[in-house]
Amino acid sequence: MRILETEHLSRIFGGVVAVNDVNFQVEKGLVNGLIGPNGAGKTTLFNQITGMDKPTKGRIIFNDQDITGLPAWKISRLGIARTFQNIRLYKDLTVVENVMTGLHFTVGRDPFKGRFAQAFKSYFTAGSENKDVYLQAMEWLEFFSLEDSAQELAGSLPYGKQRELEIARALAAKPSLLFLDEPAAGMNPAETEHLMDTVNRIRDLGVTIVLIEHDMKLVMNICDQITVLSFGQKIAQGTPEEIKNDSTVIEAYLGAPDEEEE
Amino acid sequence: MLNFFQLIIIYAGIYALMAIGQNCITGYTGMLSLCHAGFFCIGSYVTAILCKTFGLSFWLTIPVAAIAAGFVGFLIGVPTLRLKGDYLCIATLGLGEIIRNIATNLNPVGYQAIPRASLFGYEFSARGKWQFIALVWVFVLVFYFLFQRLAHSRIGRALNAVREDEIAAQSNGINVTKYKIGSFTLGAAVGGVAGCFMAAYTATVNPGTFTFMVSVMVLCMVVLGGMGNGKGVILGAFIIQFISYFPQLFGLSSIIPAQAQQIIYGLILVVMMIWRPQGLLGRDKFRYGIEKRRLAIPHKGARKEGGRA
């Protein structure tokens, strides 16, 4: 079953066609990989789907709903969360506050009351609400074994933990679809190993994952389905095995046919 | 001497209200605005005109002033809050001057002999300084607690997120524009309330009071005390007021010219930015009161049952 689909999605920056007529499908419950050489348009595609950038042409369908051109905050409320290639944490807030902010739109809302009433209620019940949010945030920190650093400033964490904290913050709002933009960038092999384990545990929570990654070992190991972009165009889609043996992909991305990929 | 100290406490109170408003804009949301003197001006004029021309009670003018200043803040905010950092600073600086110029054109000499505030038959005149101190500081405390509450609610977290990283805030479902305009409006409204007290205390308003230097002074209080720290900005208001009355307090006004203040504000801003950018008290750390009770935190199973802790 498809959770997300793009139809003829294009993005043109001046004379550069960053994303060219891409039909990208994300299968529910799977780990979907998005790979391609540098400048292939992977992050642009992510940005368009998550509302950080507007498509020039085409449609984005999420759960049978057209989300093309919606602002980013609305899209995230529909259940699409993301992390960033260059980590974007709230560096001057504590680790637990980062995750608490991730819970922003899941708390203080009462479906039976108007929006003003919600804001009002949230303001005057801050004490009890804070405890509730704090405990929920701590649960997510435990999921990532970050609970001991809860009171530290997010900016002071080591790099690998910052990546994990960003994922924790994205997951806090219980999204159904999670976009990870190069989660293993800059990680050492041990941290990458740990990340693979984490991604598998997130999938076990029932979250569909789309990840951009350059680390082929990681992609081939944990992805159930892989889409390959090159110069803004989708050139292949399939299981890791199919992608490994696809001649177009090997030509465009992995180099000469007789070369080992890793 | 006592008289001067009382005066400092009164002005510190009025400026503490201003600083609380500026703190909401600059400290929580991270928008560098320089038009608080404009909101101050609007508050003063609303009180002056309503009290003098329409004979309204001082108390009624407070909400009107807050709404008027907040509304102007909203109008200024909608177009300018798309700008960032120094661009926003320049735009708001200009708008603050526009407000002052409108006030000058309205009535270049301002308003004199504004009726005093009274409560249960007691009139808060300039002579009863202790009483006026009580009046102002009750309001400072009320706004202090309201804004502490705000800062530590879901709304406050959203404002902090907007300050730290707007793009990440959007990805967390925070409507950045709404929170920016909201915080600007709220900060402006508090600036308006401060203006009411200025008009009530001095019983005169004139456009010369609301210069750009007032905005700089308020920003200085926030930077000095600690951005995003409620107690800090009140401390900042005290220190800055003390500095500005220092020559008069010790009879040195013939030696130290009034312009020396401006040098001192500039120095404070520069020195703080170099050695202690977080301000004297630093950013407010909020304790949730449950950090130590680690055992009370339910384990991973709890979430799968959909149960909140």
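Residues numbered from 1 in each chain as written. Chains lettered and ligands numbered in written order. Predicted model: local features only at pLDDT ≥ 70, side-chain atom pairs only at ≥ 80, totals over all residues.

Caption draft 1: Fine view of the overall build of chain A. The number of helices and strands found in chain A is 10 helices and 11 strands. Each of the 262 residues in chain A was classed as buried or not, and the buried ones make up 43%. Intrachain contacts of chain A at a sequence separation of at least 6 include 68% that bridge at least 24 residues. (Helix = DSSP H or I, 4+ residues; strand = E, 2+ residues; numbered from the N terminus. Buried ≥ 20, exposed ≤ 12 C-beta atoms within 10 Å, placed from the backbone. Contact = placed C-beta atoms within 7 Å.)

Caption draft 2: Local environment of the confidence of the model for chain B. Residue and element names in this part refer to chain B. Confidence in the prediction for chain B averages 84 pLDDT; 92% of positions are at 70 or higher. When pLDDT is averaged over each helix and strand of chain B, the minimum, 41, is found for helix H12 (residues 301-304) and the maximum, 92, for helix H8 (residues 176-202). Low pLDDT, under 50, characterises residues 293-309; the predicted model gives this stretch 17 contacts beyond four residues in sequence or across chains. Both scores are available for the predicted complex, with the pTM at 0.86 and the ipTM at 0.85. (pLDDT = per-residue confidence, 0-100.)

Caption draft 3: Examining the pairing of strand S10 (residues 225-230) of chain A more closely. Residues and elements named next belong to chain A. Bridge count between strand S4 (residues 31-35) and S10: 4 bridges; the pairing is parallel. Note on S10: the bridge partner recorded for Asn32 is Gln225. Here 5 bridges tie S10 to strand S11 (residues 233-238), and the two strands are oriented antiparallel to one another. Counted as the bridge partner of Leu229 is Lys234 from S11. Counting the residues in the hairpin turn of S10 and S11 gives 2 residues, including Phe231, whose phi is positive at 45 degrees. (Pairing = 2+ DSSP bridges.)

Caption draft 4: Up close: the interface of chain A and chain B. At the junction of the two partners, chain A supplies 39 residues and chain B supplies 31 residues. Of all the secondary-structure elements, those providing two or more residues to the side of chain A that touches chain B are helix H2 (72-77), strand S7 (80-82), helix H3 (95-102), helix H4 (115-124) and helix H5 (126-143) of chain A. Counting residues per element, the side of chain A that touches chain B draws most heavily on H5 of chain A, which supplies 12 residues. Its residues assigned to classes, the side of chain A that touches chain B comprises 17 nonpolar, 10 polar and 12 charged. (Nonpolar A, V, L, I, M, F, W, Y, C, P; charged D, E, K, R; others polar.)

Caption draft 5: Examining the packing of helix H1 (residues 2-28) of chain B against helix H10 (residues 230-249) of chain B more closely. Residues and elements named next belong to chain B. Between H1 and H10, the shortest axis-to-axis distance is 8 Å and the interhelical angle comes to 140 degrees. Comparing the axis directions of H1 and H10 gives the class oblique. Where H1 crosses over H10, the two elements pack in a sense that is right-handed. Taking contact as the criterion, the partners of Phe4, Leu7, Ile8, Tyr11, Ala12, Tyr15, Ala16, Ala19, Ile20 and Asn23 in H1 are, on H10, Val233, Ile234, Gly236, Ala237, Phe238, Gln241, Phe242, Tyr245, Gln248 and Leu249. Among the residues forming the contact of H1 with H10, the class breakdown is 16 nonpolar, 4 polar and no charged. (Axes fitted to C-alpha atoms, helices over the stretch in contact; angles between N-to-C directions. Parallel < 35°, antiparallel > 145°, perpendicular 65-115°, else oblique. Left-handed = near helix turned anticlockwise from the far one by under 90°.)

Caption draft 6: Main features of the nonpolar core. Counting 165 residues, the largest nonpolar core has Ala137 and Ala168 of chain A together with Leu17, Ala19 and Met221 of chain B as the members making the most contacts within it. It is H8 of chain B that contributes the most residues to this core, 14 residues altogether. The residue makeup of this core includes at least three contributed by each of domain 1 (1-79 + 175-262) and domain 2 (90-174) of chain A. Other than its neighbours up to four places away in sequence, Met221 of chain B contacts Tyr15, Ala19, Val233, Gly236, Ala237 and Ile240 of chain B. (Core = buried A, V, L, I, M, F, W, Y, C linked by C-beta atoms within 7 Å. Domains from an automatic or database assignment.)

Caption draft 7: Local environment of the domain arrangement of chain A. Residues and elements named next belong to chain A. The domains assigned to chain A are domain 1 (1-79 + 175-262) and domain 2 (90-174). Contacts between the two partners involve 10 residues from domain 1, matched on the other side by 11 residues from domain 2. Looking at the side of domain 1 that touches domain 2, the elements with two or more residues in it are strand S8 (177-181) and helix H7 (189-204). When residues of the side of domain 1 that touches domain 2 are assigned to their parent elements, the largest contribution, 3 residues, is made by H7. In the side of domain 1 that touches domain 2, the residues fall into 6 nonpolar, 2 polar and 2 charged.

Caption draft 8: Inspection of helix H9 (residues 212-225) of chain B at higher detail. Residue and element names in this part refer to chain B. Its 14 residues place the ends of H9 20 Å apart at the C-alpha level, agreeing with the 20 Å of an ideal helix rising 1.5 Å per residue. Taking burial as the measure, the 14 residues of H9 include 11 buried ones, the bulk of the element. Taken residue by residue, H9 has Val214, Ser215, Met217, Val218, Leu219, Cys220, Met221, Val222, Val223, Leu224 and Gly225 as its buried positions. Buried positions along H9 lie against H1, helix H2 (36-52), helix H4 (85-106), H10 and helix H11 (260-275). (Expected span 1.5 Å × (residues − 1).)

Caption draft 9: Inspection of unusual backbone geometry at higher detail. Residue and element names in this part refer to chain A. Located in the positive-phi region is His8, a residue other than glycine, with phi close to 50 degrees. As for its placement among the helices and strands, His8 is situated in strand S1 (residues 2-13). Residues other than glycine seldom take positive phi values, yet Phe231 does so here, at roughly 45 degrees. Along the chain, Phe231 turns up in the loop between S10 and S11.

Caption draft 10: Just H1 of chain B, in detail. The largest bend in H1 of chain B is about 35 degrees, located at Gln22 of chain B. Burial analysis of H1 of chain B places 19 of its 27 residues in the buried class, which makes it a mostly covered element. (Bend = angle between axes of the 7 residues up to and from the residue.)

Caption draft 11: Structural context of the packing of H1 of chain B against H9 of chain B. Residues and elements named next belong to chain B. Orientation of H1 relative to H9, taken along the N-to-C sense of each, is 70 degrees, at an axis distance of 9 Å. Comparing the axis directions of H1 and H9 gives the class roughly perpendicular. The segment H1 lies against H9, with Tyr15, Met18, Ala19, Gln22, Asn23, Thr26 and Gly27 engaging Val218, Leu219, Met221 and Val222. Of the residues contributing to the contact of H1 with H9, the split by class is 7 nonpolar, 4 polar and no charged.

Caption draft 12: Inspection of the sheet that holds strand S9 (residues 208-212) of chain A at higher detail. Residue and element names in this part refer to chain A. Ordered by their spatial adjacency, 6 strands build an open sheet running S7-S8-S9-S4-S10-S11, and the pairing between neighbours is mixed. Two strands close off the open sheet at either side, each with one partner strand: S7 and S11. Direction aside, the axes of adjacent strands within the sheet are offset by 20 degrees on average. Here S4 pairs with S9 via 4 bridges, running parallel. Considered in S9, the bridge of Val31 is made with Ile209.

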